[in-house]
Amino acid sequence: MPKGIVKFNTPLQCRCIFRNIIKSVTRPIVDRWTHGEAMFRIKYLTALRPVQDIEVTHLIITGQTNSRHPISIDHRNVGASGCTMAVLSFVQRNLLRSKFFWHFVCFAFFIHGQQGFAQEQEEIETFDLLMPNVLPKKAETYFCTPIRIDSDTDYYLVGFVPNATMETAHHMLLYGCEEPGSDEEVWNCGEMAVKDPSLKSAEPCKKGAQVIYAWAHDAPALQLPPGVGFHVGGRSKIQYITLQVHYASVDRFAGGLRDDSGVFLKYTTIRQPKSAGVLLMGTGGRVSANSVEYMETACKINEDKVIHPFAFRTHTHALGRVVSGYKVSRVNRRDEWKLIGKQDPQLPQMFYPVANNLTLSKGDTVAARCTMVSNRNWVTRIGMTGADEMCNFYIMYWADSRKGVLDQKHCFSSGPPNYYWDTEDYLMNPPIDASQL
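Going along each chain's sequence as written, the residues are numbered from 1 onward. Per-residue local features are limited, in this predicted model, to residues with pLDDT of at least 70; the limit for side-chain atom pairs, both in listing and counting, is 80 or more; totals at the level of whole chains, interfaces and linings are taken over all residues. Note that water and hydrogens are dropped before the side-chain values are worked out from all heavy atoms of the structure.

With respect to the overall build of the chain
Inference 1: Of the regular secondary structure elements, the chain holds two helices and 30 strands.
Inference 2: Each residue gets one of three labels from its accessible area relative to the maximum for its type: buried under 20%, exposed over 50%, partly exposed in between, using a 1.4 Å probe on protein chains only. Burial analysis of the chain (437 residues in total) assigns 54% to the buried set.
Inference 3: By definition, residues are in contact when any of their heavy atoms lie within 4.5 Å. For the chain, the proportion of contacts with a sequence separation of at least 24, taken over those separated by at least 6, is 81%.
Inference 4: Surface exposure here means Shrake-Rupley accessible area, sampled with a 1.4 Å probe, where a residue is shielded only by the protein chains that are shown. Per element, the accessible surface of the chain, about 20500 Å² overall, is 50% carbon and sulfur. Numbering of helices and strands runs from the N terminus; a helix is a DSSP stretch of H or I covering at least four residues, while a strand is a stretch of E covering at least two.

Re the sheet that holds strand 13 (residues 187-188)
Inference 1: The strand order across the open sheet formed by five strands is 13-9-18-11-15, and the pairing between neighbours is antiparallel. Two strands close off the open sheet at either side, each with one partner strand: strand 13 and strand 15 (210-216).
Inference 2: Pairing between strands is defined by DSSP: at least two bridges between them are needed. The sheet contact formed by strand 9 (residues 141-148) and strand 13 spans two bridges and is antiparallel. The residue bridging Phe-143 from the neighbouring strand is Asn-188, located in strand 13.

What to know about the packing of aromatic side chains
Inference 1: Aromatic pairing here means that ring centres of Phe, Tyr or Trp (its six-membered ring) are within 6.5 Å. Orientation follows from the plane angle: under 30 degrees is stacked, over 60 is edge-to-face, and everything else is tilted. Summed over all chains, the structure comprises eleven aromatic pairs.
Inference 2: Ring geometry for Phe-160 against Phe-230: centres 6.0 Å apart, planes inclined by 70 degrees, an arrangement best described as edge-to-face. Note that Phe-160 is positioned in strand 10 (residues 154-163) and Phe-230 in strand 17 (residues 228-233), a separation of 70 residues in sequence.
Inference 3: Look at Phe-160 and you get buried, because its relative accessible area is 0%.
Inference 4: Arranged with centres 5.5 Å apart and planes meeting at 80 degrees, the rings of Tyr-326 and Trp-337 form a pair that is edge-to-face. In this pair, Tyr-326 is assigned in strand 24 (residues 320-331) and Trp-337 in strand 25 (residues 334-343), connecting sequence segments eleven residues apart.
Inference 5: With a relative accessible area of 16%, Trp-337 lands in the buried category.
Inference 6: Here the aromatic cluster, defined as three or more aromatic residues joined through ring pairs, consists of Phe-160, Tyr-213, Phe-230, Phe-351 and Tyr-394.
Inference 7: Definition used: whenever NZ (Lys) or CZ (Arg) falls within 6 Å of the ring centre and also within 35 degrees of the ring normal, the charge is taken to sit over that ring. In this arrangement the basic side chain of Lys-274 is found over the ring face of Trp-398, its NZ or CZ atom lying 4.3 Å from the centre.

Some thoughts on the nonpolar core
Inference 1: The definition of a nonpolar core used throughout is a set of buried Ala, Val, Leu, Ile, Met, Phe, Trp, Tyr and Cys residues joined through side-chain atoms within 4.5 Å. Counting 48 residues, the largest nonpolar core has Phe-160, Leu-174, Ile-241 and Leu-265 as its most contacted members.
Inference 2: Residues within four places of Phe-160 in sequence aside, it is in contact with Leu-174, Ile-212, Tyr-213, Ala-221, Leu-222, Leu-224, Phe-230, Val-263, Phe-264 and Leu-265.
Inference 3: Counting 27 residues, the second largest nonpolar core, distinct from the first, contains Met-281, Ile-301, Phe-312 and Ile-395.

Re the environment of Ser-435
Inference 1: Looking at where Ser-435 falls in the secondary structure, it is placed in the segment after strand 30 (410-413).
Inference 2: Linking Ser-435 and Lys-342, residues 93 residues apart in sequence, is a C-alpha distance of 8.9 Å.
Inference 3: In contact with Ser-435, not counting residues within four places along its chain, are Tyr-294, Val-322, Arg-369 and Thr-371.

Some remarks on the pairing of strand 22 (residues 291-300)
Inference 1: Within strand 22, seven of the ten residues are buried, leaving the element largely enclosed by the surrounding structure.
Inference 2: Alignment of strand 22 against strand 27 (residues 365-374), held across ten bridges, turns out to be antiparallel. Paired with Ala-298 across the two strands is Ala-367, which belongs to strand 27.

Quick notes on the confidence of the model for the chain
Inference 1: Looking at any residue, its pLDDT shows the predictor's confidence there, from 0 to 100. Per-residue confidence for the chain gives a mean pLDDT of 75; residues scoring 70 or more make up 71%.
Inference 2: A low-confidence stretch, residues 1-121 (pLDDT under 50), is modelled with 238 contacts involving residues beyond four sequence positions or located in other chains.

Considering the environment of Arg-369
Inference 1: Among the structural elements, Arg-369 can be located in strand 27.
Inference 2: Since its relative accessible area comes to 9%, Arg-369 is described here as buried.
Inference 3: For the pair Arg-369 and Met-295, spaced 74 residues apart in sequence, the C-alpha to C-alpha distance is 5.5 Å.
Inference 4: Apart from residues no more than four positions distant in its own chain, Arg-369 is found in contact with Tyr-294, Met-295, Glu-296, Val-322, Val-323, Ser-324, Trp-421, Ala-434 and Ser-435.
Inference 5: There is a polar contact of 2.9 Å between the side chain of Arg-369 and the side chain of Ser-435. Whenever a nitrogen or oxygen atom comes within 3.5 Å of another N or O atom, the pair is scored as a polar contact, on the condition that within protein one atom can donate a hydrogen and the other can accept it, and that pairs from neighbouring residues in sequence are kept only if both atoms are in side chains.

What to know about the state of the cysteines
Inference 1: Note on disulfides: each one is a pair of cysteine sulfur atoms within 2.5 Å. In the structure shown here, the tally under the stated rule is four disulfides.
Inference 2: Shown here is the disulfide that connects Cys-144 with Cys-189, its sulfur atoms set 2.2 Å apart. With the S-S dihedral at roughly 90 degrees, the linkage between Cys-144 and Cys-189 falls on the right-handed side. Of the two residues, Cys-144 is situated in strand 9 and Cys-189 in the loop between strand 13 and strand 14 (205-207); the sequence distance between them amounts to 45 residues. Considered together, Cys-144 and Cys-189 belong to a single accessibility category, that of buried residues.
Inference 3: The disulfide that involves Cys-177 links it to Cys-205, with 1.8 Å between the sulfurs. Sign of the S-S torsion, about -55 degrees for the bond between Cys-177 and Cys-205, identifies this disulfide as left-handed. Within this pair, whereas Cys-177 is found in strand 11 (residues 171-177), its partner Cys-205 is found in strand 14, the two being separated by 28 residues in sequence.

Let's talk about the pattern of salt bridges
When the charged atoms of two side chains lie near each other, side chains of opposite charge can form a pair.
Inference 1: Note on definitions: salt bridges are taken to be side-chain nitrogens of Lys or Arg within 4 Å of carboxyl oxygens of Asp or Glu. Inspection of the entire model under this criterion finds nine salt bridges.
Inference 2: Close ionic contact of Lys-207 with Glu-178 constitutes a salt bridge, the shortest N to O distance being 3.8 Å. Here Lys-207 is found in strand 14, whereas its partner Glu-178 is found in the loop between strand 11 and strand 12 (179-180), with 29 residues between them in sequence.
Inference 3: Given the relative accessible area of 44%, Lys-207 is considered partly exposed.
Inference 4: Its relative accessible area of 28% is what places Glu-178 among the partly exposed residues.

Right, dumping it as structure tokens:
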């Protein structure tokens, strides 16, 4: 992509609030310096239009030492494929500090963006949802950052491309929210995790939280099946997307290196006939010292909808050996189990294709088990840090867009020693290979 080059001497910040801007935040325009020149990106785009670097050659902003002198804008050579702009002169530092001047600059960028940044009408476009160059200082930090989606347009997420490595991020989650947990650009969002005292703390979502994507262990990109998409913005309940990144280690940031881990969202405005959803299954509980433990959960589908699982994902920390998920149907007083998916959670924690082509409907039960093996001389509990454990099984599915996805987003149990399949949900004859690969 072409790069925007602006010559000046001081880092600039811009805070602007306009009708179609994704985020109203203070964000440095300058990303990095190169021999006195700055290369930057402008994130003010309408809805989920792609963020791109901009070659600055023809928009002229001029000014002098105080706001009483005129500031002019030259509209020449603004093409349909991209706005080309150049800053030919900057004012002295006292005007650079003026919030009124930078509100004006933001407004100028915004106006030109409406015409000059119109993208080619391709079916699939990309938006980068990344951490804004954060500096995690302590291990086990959880950071969140949000985007607001245009409520006037319906969008459909059809793919996810991770921008992270397991050396940097332990895991990443994307939450769809009706309201974000905070209106800050970045905040602490691990309930029991280490917190950066310079940032506020809140949940990923204040209202309407639902997981739409998860990544860990260097998992590759995910492309949804044809005709399937997560409905966001517009008439959807998902009006914000929050990115959560868990930094289990901060060794690579010791020298001041900053992080922009995140996810490139693939999206379209073309209505998809199948709505995507995720059912997150998990447990509480604990794993005793030097033991093998089954962490189990199960829930009945109570909604009059038919869902079609097409992918599954497993997640544990170090003790997990096998995670499996099943559809359970009771036939003639006997439970019939059909495998949805099974995987070693120490492998890349991607969404894998389901093991069987099946549907889930009202009256069916979904059940999941994490087999944990501990050689530790202490009890390991479910928790947020890498030294704790987690037991999660994700079911990604599609449903007819006319009926929509399940209202139920989660299926959690209290876990061992209080919950097992046969003690609370009375599930009978589970597969003998549920803990084997």
